[in-house]
Amino acid sequence: MTHTIKPVIAKHVSIGEGIPKICVSLIGRTIEEIRQEALAMQAADVDVVEWRVDFYEDVEDTGKVKEALNSIRAILPSRPLIFTFRTSREGGERHMDEDTYFRLNEEVILTGQADLVDIELFMNEDRIRSIIDIAHQNDMHVIISNHDFQQTPPKEELLSRMHKALELGGDIPKISMMPQKTSDVLTLLDATCTMHEQTDHPIITISMSGKGMVSRIAGELFGSALTFGSLRNESAPGQVPVQDLRQTLKLFHANL
């Protein structure tokens, strides 16, 4: 029986179909740094751009967030854009209380300027369902994510978290885990392979650091639909420079 993934289409990019897509994060702290990073993306071989707004110094000012978002969109009008506030408990740059977090995400969804929004799994479930409804009403896809910079839980727990993301209504489950030993990388890849067989949704899975680099380049084999690379600075440990990443993904694809 052929297993078919229903891809998530953002702009012209089909996430979950063919070679895993390459995403690079904007991590500028000032509007000027963000603009410069976005300009560098114009010529880069990048499929998807993520704005990690938790790096932005004026993230508490929703008006300035919207202005920055407009600037990014003006520079990169045709690139799919993920809007992400990563909380400090999941490896992000700062803390934000849930009220502010969901208000910020809703305000951005209503601008229509992003294509996907990343919402963390371990938040209030009713609020997650509500923000997903708002996103879908505004033709935006939702990544439900979970990050652990300390460890890699057992396979059953990883599967449970990804299934929970889908139960809540998310379009793409994402897990990113830190391996303490080589077998942790295998656990992550095994969970990826199993989840890929259990759902028709695209999934994103990452094993971080140098140990986990294989997960960033071998996603097509195991079932991960998107991988994160770096242009100038890493937004997470173990990211591969975009040019090298593209060549490696093509090499894998040609031999499958």
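Residues numbered from 1 in each chain as written. Predicted model: local features only at pLDDT ≥ 70, side-chain atom pairs only at ≥ 80, totals over all residues. Heavy atoms only, no water.

Just to check I follow, could you spell out the overall build of the chain for this structure?
The secondary structure content of the chain amounts to nine helices and 11 strands. Over its C-alpha trace the chain gives a radius of gyration of 17 Å, about what one expects of a compact globule, namely 18 Å for 256 residues. Viewed in the frame of its principal axes, the chain has a C-alpha envelope of about 45 × 40 × 35 Å. For the chain, the proportion of its 256 residues judged to be buried stands at 54%. Within the chain, counting contacts between residues at least 6 apart in sequence, those at least 24 apart form 73% of the total. Summed over its atoms, the accessible surface of the chain is roughly 10900 Å², and 48% of this surface lies on carbon and sulfur atoms. Distance from the positive charge centre (26 side chains) to the negative charge centre (39 side chains) of the chain: 3 Å. (Helix = DSSP H or I, 4+ residues; strand = E, 2+ residues; numbered from the N terminus. Rg over C-alpha atoms; globule rule 2.2 N^0.38 Å. Buried < 20%, exposed > 50% of the residue type's maximum accessible area, 1.4 Å probe, protein only. Contact = heavy atoms within 4.5 Å. Areas by Shrake-Rupley, 256 points an atom, 1.4 Å probe, with all protein chains shown as cover. Lys, Arg positive; Asp, Glu negative; His and termini not counted. Charge placed at Lys NZ, Arg CZ, Asp CG, Glu CD.)

Would you mind going over the sheet that holds strand 4 (residues 48-52) with me for this structure?
Two orientations exist for strands paired in a sheet by backbone hydrogen bonds: parallel and antiparallel. Taking strand neighbours across the sheet as the criterion, the nine strands line up as 9-8-7-6-5-4-3-10-11 in an open arrangement whose pairing is parallel. Of all strands in the sheet, those with a lone pairing partner are strand 9 (204-207) and strand 11 (240-241), marking the two edges. Here strand 6 (residues 116-120) runs beside strand 7 (residues 141-148); their pairing, made up of five bridges, is parallel. Across the sheet, the residue bridging to E120 is S145, located in strand 7. (Pairing = 2+ DSSP bridges.)

I would appreciate a short explanation of the packing of helix 1 (residues 31-42) against helix 2 (residues 62-75) in the present structure.
A packed helix pair is summarised by two numbers, namely the angle formed by the two axes and the spacing between the axes. For the pair helix 1 and helix 2, interaxial distance at closest approach is 9 Å and the crossing angle is 20°. The orientation of helix 1 with respect to helix 2, classified from their angle, is roughly parallel. For the element pair helix 1 and helix 2, the recorded crossing hand is right-handed. Along its contact with helix 1, which presents I31, I34, R35, A38, L39 and Q42, the element helix 2 presents A68, S71, I72 and I75. In terms of residue class, the contact of helix 1 with helix 2 is made up of seven nonpolar, two polar and one charged. (Axes fitted to C-alpha atoms, helices over the stretch in contact; angles between N-to-C directions. Parallel < 35°, antiparallel > 145°, perpendicular 65-115°, else oblique. Left-handed = near helix turned anticlockwise from the far one by under 90°. Nonpolar A, V, L, I, M, F, W, Y, C, P; charged D, E, K, R; others polar.)

Could you clarify how one ought to interpret the UniProt feature "binding site: 3-dehydroquinate" (unreviewed entry) in the chain in this entry?
Feature annotation in UniProt places "binding site: 3-dehydroquinate" (unreviewed entry) on S25, E50, W51, R52, R86, R216, S235 and Q239, given in this structure's numbering. Along the polypeptide, Q239 turns up in the loop between strand 10 (226-230) and strand 11. (UniProt positions renumbered as here; feature names shortened; annotations may be inferred.)

It is not clear to me how the pattern of salt bridges should be interpreted in this structure. Could you clarify?
Any two side chains of opposite charge can pair, given that their charged atoms come close. Tallied over the entire structure, the rule returns 18 salt bridges. The network of salt bridges with shared partners includes K11, R73 and D115. (Salt bridge = Lys/Arg side-chain N within 4 Å of Asp/Glu carboxyl O.)

Explain the environment of L104 here, please?
By the secondary structure assignment, L104 is in helix 3 (residues 98-111). A relative accessible area of 3% places L104 in the buried class. Considering only alpha carbons, one finds L104 and I175, 71 residues apart in sequence, at a separation of 22 Å.

Hey, could you run me through the nonpolar core in this one?
A general trend in soluble globular proteins is that nonpolar side chains are found buried together. W51, V53, V65, F83, L104 and I119 are the most contacted members of the largest nonpolar core, which has 47 residues in total. Setting aside anything within four residues of it in sequence, one finds L104 in contact with V53, V59, V65, F83, F85 and M96. Formed by 17 residues, the second largest nonpolar core is a distinct cluster that contains I143, M178, I204 and L226. (Core = buried A, V, L, I, M, F, W, Y, C linked by side-chain atoms within 4.5 Å.)

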